[in-house]
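Residues per chain are reported as follows:
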Amino acid sequence: MNILLAFKHFPVSSGRYIQRALTRIGHNVMTCGHEIGNKIWNIVVDDKYIHRANYTEPGNIWYDSPYDEQVVLAAFKRDANWTPDLIITADSTLYLSNPQDKIPHVVWGADNHVRFYNQRNYYKMFFAHSWGARMTEPNAVWLPAAYDPEVHVDMGWERDIDVGMMGVTYQNRVDVINAMDAEGIDIKGGMGLLWEQYNGFYNHCKIALVRSIDGDLTQRFFENMAQGCCVLADKPKDADKAGVCAGVDYWTYDGTPEGAVREAKFLLESECWRDIAANGKRKVIGYEWDARATQLLKEVFG
């Protein structure tokens, strides 16, 4: 199947993971959207992580950025003699305006806990958070976050870091990291590691700390499980619905720095982190981006 993906081409993004998954399961994928280069999270990363688009236009990368859908389709037809069977928008701010009515166009959104995806209507809408924006509409489908089975893997290394958290350094995350450090827990945190560096970091960690924005079931929740870590998370709202069991497949804390310290100490001192990590690694099989992509295509085409 020919599939057109529309998203902003950051060095790492859900759109890029979706592209990889659709390609792995045998589809011919083309992409359109802004090329961001080597910048993400207000930092500069190695040029090897730059992601190129098959079709791009200049524009403001930080705000709503419409591409004319019919212009994009005409360009692919003219330059590559290529027409998609399906269009997927995988971005909250880049979207295709001036829609045509022959090719089904869906949105696959990872951020409907903080973004609205309200720039246009879609044939179907697939969102990562069952309680987030637009999920009350009749054509909305819950499609949780996922992990990449080629990127997020357990390498079998020695786990010489007690607790790790690699992500955007929001203040609530910094507060937890500082509290653990003050209590003598060996915690490493920060941002800027991508792809193999990100995977390598977590392969050194016994516990992966997850501090969400609003109780959202994050990508790193699944990524860290696949990497063989014991996930310590702040009670994600959709975990039960996703079939992931607290106290068995992952461990919870109350969202406070003090709560995170208390639970991390228990996991480390009791060695329970080992069993939780093993259970989580088994549980997460079937939660790959590939499986999510297969579900989306089944929802669209039957």
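Residues numbered from 1 in each chain as written. Predicted model: local features only at pLDDT ≥ 70, side-chain atom pairs only at ≥ 80, totals over all residues. Heavy atoms only, no water.

Visitor: Sorry, what's going on with the sheet that holds strand β8 (residues 105-109) here?
Guide: Picture the strands of a sheet paired through backbone hydrogen bonds; they go either parallel or antiparallel. One open sheet accounts for six strands, arranged β2-β1-β6-β8-β9-β10; its pairing is parallel. Lying at the two open borders of the sheet, with one neighbouring strand each, are β2 (28-32) and β10 (140-142). On average, each strand axis in the sheet is tilted by 25° relative to the strand beside it, whichever way the strands run. As defined by bridge partners, β8 adjoins strand β9 (residues 124-127) across four bridges and the pair is classed as parallel. Bridging from a neighbouring strand, Gly-109 pairs with Phe-127 of β9. Here helix α1 (residues 14-24) sits on the sheet in contact with β1 (2-6), β2, β6 (86-89) and β8, set at roughly 170° to β1. Sheet strands in contact with helix α2 (residues 69-80) are β1, β2, β6 and β8, and its direction is about 130° off that of β2. (Pairing = 2+ DSSP bridges. Helix = DSSP H or I, 4+ residues; strand = E, 2+ residues; numbered from the N terminus. Axes fitted to C-alpha atoms, helices over the stretch in contact; angles between N-to-C directions. Contact = heavy atoms within 4.5 Å.)

Visitor: Help me understand the packing of helix α3 (residues 171-182) against helix α6 (residues 257-270) in this model?
Guide: Two quantities define a packed helix pair, namely the angle between the helix axes and the distance between the axes. As a packed pair, α3 and α6 sit with axes 8 Å apart at the nearest point and diverge in direction by 50°. It follows that α3 is oblique to α6 by the angle criterion. Crossing geometry of α3 relative to α6 is assigned as right-handed. In this structure, α3 uses Asp-175, Val-176, Ala-179 and Met-180 to contact α6, whose residues at the interface are Pro-257, Ala-260, Val-261 and Ala-264. Of the residues in the contact of α3 with α6, the class split is seven nonpolar, no polar and one charged. (Parallel < 35°, antiparallel > 145°, perpendicular 65-115°, else oblique. Left-handed = near helix turned anticlockwise from the far one by under 90°. Nonpolar A, V, L, I, M, F, W, Y, C, P; charged D, E, K, R; others polar.)

Visitor: Sorry if this is basic, but what is going on with the pattern of salt bridges here?
Guide: What the rule picks out here adds up to 20 salt bridges. A salt bridge links Arg-24 to Asp-290, with the shortest nitrogen-to-oxygen separation between them at 2.8 Å. With a gap of 266 residues between them, Arg-24 in helix α1 and Asp-290 in helix α8 (residues 289-301) connect regions that are remote in the sequence. Residue classification places Arg-24 among the partly exposed residues on the basis of a relative accessible area of 26%. (Salt bridge = Lys/Arg side-chain N within 4 Å of Asp/Glu carboxyl O. Buried < 20%, exposed > 50% of the residue type's maximum accessible area, 1.4 Å probe, protein only.)

Visitor: What's the story with the packing of aromatic side chains in this structure? I'm lost.
Guide: Given two aromatic rings, their pairing is described by the distance between the two centres and the angle made by the two planes. Evaluation of the coordinates by the stated rule reveals 13 aromatic pairs. Here the aromatic rings of Phe-222 and Tyr-287 are separated by 5.4 Å at their centres, their planes lie at 25°, and the arrangement is stacked. With Phe-222 in helix α5 (residues 219-226) and Tyr-287 in the loop between α7 (272-283) and α8, the pair connects residues that are 65 residues apart, well separated along the chain. Accessibility expressed as a relative area gives 12% for Tyr-287, which makes it buried. (Phe/Tyr/Trp six-rings, centres within 6.5 Å; stacked < 30°, edge-to-face > 60°.)

Visitor: Help me understand α1, please; the structure alone is not making it clear to me.
Guide: Helical geometry note: an α-helix holds 3.6 residues per turn, so side chains three or four residues apart project in the same direction. For α1, the tally of buried residues reaches eight of eleven residues, placing the bulk of the element in the interior. Those residues of α1 that sit buried are Ser-14, Gly-15, Arg-16, Tyr-17, Ile-18, Gln-19, Ala-21 and Leu-22.

Visitor: Just checking my understanding: could you explain the nonpolar core for this structure?
Guide: Most often, soluble globular proteins have nonpolar side chains that are buried together. Grouped together as the largest cluster of nonpolar side chains are 31 residues, with contacts concentrated most on Leu-5, Leu-22, Leu-86, Ile-88, Trp-108, Phe-126 and Leu-296. At the level of secondary structure, the elements contributing two or more residues to this core comprise β1, α1, β6, β8 and α8. For this core, the element with the most residues is α8, which contributes five residues. Discounting chain neighbours no more than four positions away, the residues touching Leu-22 are Ile-3, Leu-5, His-27, Val-29, Ile-88, Ala-293 and Leu-297. Phe-127, Ala-140, Met-225 and Ala-242 belong to the second largest nonpolar core, which has 25 residues in total. (Core = buried A, V, L, I, M, F, W, Y, C linked by side-chain atoms within 4.5 Å.)

Visitor: Which parts of the structure should I look at to understand the pairing of strand β14 (residues 230-233)?
Guide: In summary, the side chains of a regular strand alternate between the two faces of the sheet. Neither face of β14 is exposed, since Cys-230 and Leu-232 on one face and Val-231 and Ala-233 on the opposite face are all buried. Pairing of strand β13 (residues 205-210) with β14 involves four bridges; the strand directions are parallel. Within β14, the residue paired with Leu-209 across the bridge is Leu-232. The β-α-β motif built from β13, the intervening α5 and the parallel element β14 has right-handed crossover chirality. Here β14 runs beside strand β15 (residues 251-252); their pairing, made up of two bridges, is parallel. For Leu-232, the partnering residue across the bridge sits in β15 and is Trp-251. (Right-handed = clockwise from strand over helix to strand, strands pointing away.)

Visitor: Looking at this structure, how should I read a nonpolar patch on the surface?
Guide: Judged by side-chain polarity, Val-114, Tyr-170 and Ile-213 come together as a nonpolar surface patch covering roughly 250 Å² of accessible area. Structurally, the position occupied by Tyr-170 is in the loop between β11 (161-166) and α3. Tyr-170 gets classed as partly exposed once you look at its relative accessible area, which sits at 38%. (Patch = residues over 30% accessible without salt bridge, like charges linked within 9 Å, V, L, I, M, F, W, Y side chains within 5 Å. Areas by Shrake-Rupley, 256 points an atom, 1.4 Å probe, with all protein chains shown as cover.)

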